[in-house]
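What follows is each chain in one-letter form.
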Amino acid sequence: SVAIGIIIESMEIERGFLFLVDQEKDELGRSTYTLRPIRSPGERSISNVELDEANPIAAALLRESRPLLQYDLDLLPVYRTASAFQLEWFNDLHAEVYIPIFAKRKWSGLLALGSKLSGNRYTADDLVTLSALANQTAVALENARLVENLLRLNNELRKARHDLEESNRTLQKLDETKSDFISIASHELRTPLTIIRGYTEML
């Protein structure tokens, strides 16, 4: 959030969004990339979007590792093979440029920036500067991901501990029920055995 604020203020840009990119591979080794927004309190809600490695938008960002313009998404035929939902998702951001962020040669984030307050278009120098600034956020993004994973693991451990305690309570109840059953059963068996023993002694 601080990084976006600095970029927006220094470059005089209307709006900006930062996304974490999560990569998952299927059984055939094909990658799917999920873009998740990093939101500050009070910001509008943005849904996640998935892009597989064959998607022209993901392919361009991965292959060229350089900014992608909304102008290109709107006009170039190569991007028309993307789904209507994906194109609409990018359009709804009201951004003009998308800058991929790489950490250890892995696509880890995406910076989406709106129009310049001056109304001017982004120059080649602007895009070079923005790419350099975006890559400076890579360490912060990786730290955010590590903290997020740590919190998730803590929650999973807390849940596992709760489940274990619940299982222990259930086992304790079962043990008490077993003891009660054995006590009652032995008492009920002892009563007729006493009568039988009495009759056998009389015989």
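Note: the structure precedes this text.
Along every chain, residues carry numbers that run from 1 in the direction the sequence is written. Since the coordinates come from a predicted model, pLDDT governs what is reported: local features require at least 70, and pairs of side-chain atoms require 80 or more to be given and counted, while whole-chain, interface and lining totals use all residues. With hydrogens and water set aside, each side-chain value is computed from the structure's full complement of heavy atoms.

**Topic: the side chain of threonine 137**
Looking at the element boundaries, threonine 137 is found in the loop between α5 (124–136) and α6 (138–202). Two N or O atoms form a polar contact when they lie within 3.5 Å of each other; inside protein one atom must be a possible hydrogen donor and the other a possible acceptor, and for residues adjacent in sequence the pair counts only when both atoms belong to side chains. Side-chain polar atoms of threonine 137 contact the backbone oxygen of alanine 134, separated by 2.5 Å. Only DSSP runs of H or I covering at least 4 residues are called helices, and only runs of E covering at least 2 are called strands; the numbering of each starts at the N terminus.

**Quick look at the packing of aromatic side chains**
One pair of aromatic rings is described through two measures. These are the centre distance and the angle between the planes. Pairs were defined over the aromatic rings of Phe, Tyr and Trp, the Trp ring being its six-membered one, requiring ring centres within 6.5 Å. Orientation was assigned from the angle between planes: stacked under 30 degrees, edge-to-face over 60, tilted for the rest. As enumerated under the stated definition, the model contains four aromatic pairs in all. Summarising the aromatic geometry, the rings of phenylalanine 19 and tryptophan 89 are spaced 5.3 Å apart at their centres and angled 55° between planes, so their arrangement reads as tilted. Placement of the pair is phenylalanine 19 in strand β1 (residues 16–25) and tryptophan 89 in helix α4 (residues 84–92), with a sequence separation of 70 residues. As far as burial versus exposure is concerned, phenylalanine 19 and tryptophan 89 are alike and both buried. With 5.1 Å between their ring centres and 85° between their planes, phenylalanine 90 and tyrosine 98 make a pair best called edge-to-face. Taking relative accessible area as the criterion, phenylalanine 90 reaches 1% and is therefore assigned buried. One aromatic cluster is present, formed by Phe19, Trp89, Phe90 and Tyr98 through successive ring pairs. Ring-over charges, as used throughout, are those where CZ of Arg or NZ of Lys falls within 6 Å of the ring centre and within 35 degrees of the ring normal. Across from the ring centre of tyrosine 71, 4.8 Å away, lies the NZ or CZ of arginine 121, which sits over that ring. Partly exposed residues are those whose accessible area sits between 20% and 50% of the maximum for their type, while under 20% is buried and over 50% is exposed, using a 1.4 Å probe and protein chains only.

**A short note on unusual backbone geometry**
Peptide bonds are mostly trans, and most non-glycine residues show a negative phi. Positive phi outside glycine occurs at serine 65, with the angle close to 50°. Relative to the elements of secondary structure, serine 65 occurs in the loop between α2 (56–64) and β4 (68–69).

**Observations concerning the sheet that holds β1**
Two modes of strand pairing occur in sheets, parallel and antiparallel, and in both the strands are linked by backbone hydrogen bonds. We call two strands paired when DSSP finds no fewer than two bridges between them. Read from one edge to the other, the open sheet built from six strands follows the order β3-β2-β1-β6-β5-β4, with strand pairing classed as antiparallel. Edge positions in the sheet fall to β3 (49–52) and β4, since each of these pairs with one other strand and no more. Of the strands in this sheet, β1, β2 (31–38), β3, β5 (97–103) and β6 (106–113) touch α4, which is tilted by about 125° from β3. Two residues qualify as a contact provided that any one of their heavy atoms is within 4.5 Å of a heavy atom in the partner residue. With axes taken as lines fitted to C-alpha atoms, and helix axes fitted only over the stretch in contact, angles between N-to-C directions fall between 0 and 180 degrees.

**What about the nonpolar core?**
Nonpolar side chains tend toward joint burial in soluble globular proteins. Here, nonpolar core refers to any group of buried Ala, Val, Leu, Ile, Met, Phe, Trp, Tyr and Cys residues whose side-chain atoms link them within 4.5 Å. Phe19, Leu35, Ile57, Phe90, Leu93 and Trp107 are the most contacted members of the largest nonpolar core, which totals 24 residues. Ranked by the residues each element gives to this core, the list is headed by α2, at four residues. Setting aside anything within four residues of it in sequence, one finds isoleucine 57 in contact with Leu51, Leu68, Leu73, Tyr79, Ala82, Leu87 and Phe90. Grouped together as the second largest cluster of nonpolar side chains are 18 residues, Ile13, Leu20, Ile101 and Leu127 included.

**Looking at helix α1 (residues 2–11)**
Within α1, burial applies to Ile4, Ile7 and Met11. Relative to the axis of α1, the buried residues are bounded by an arc of 65° and lie together on one face. Seen from the buried face of α1, the exposed residues on the opposite side, beyond 90 degrees, are Val2, Ile6, Glu9 and Ser10. Packed against the buried residues of α1 are β1, β6 and α5. Here the arc refers to the set of directions running from the helix axis out to each C-beta atom.

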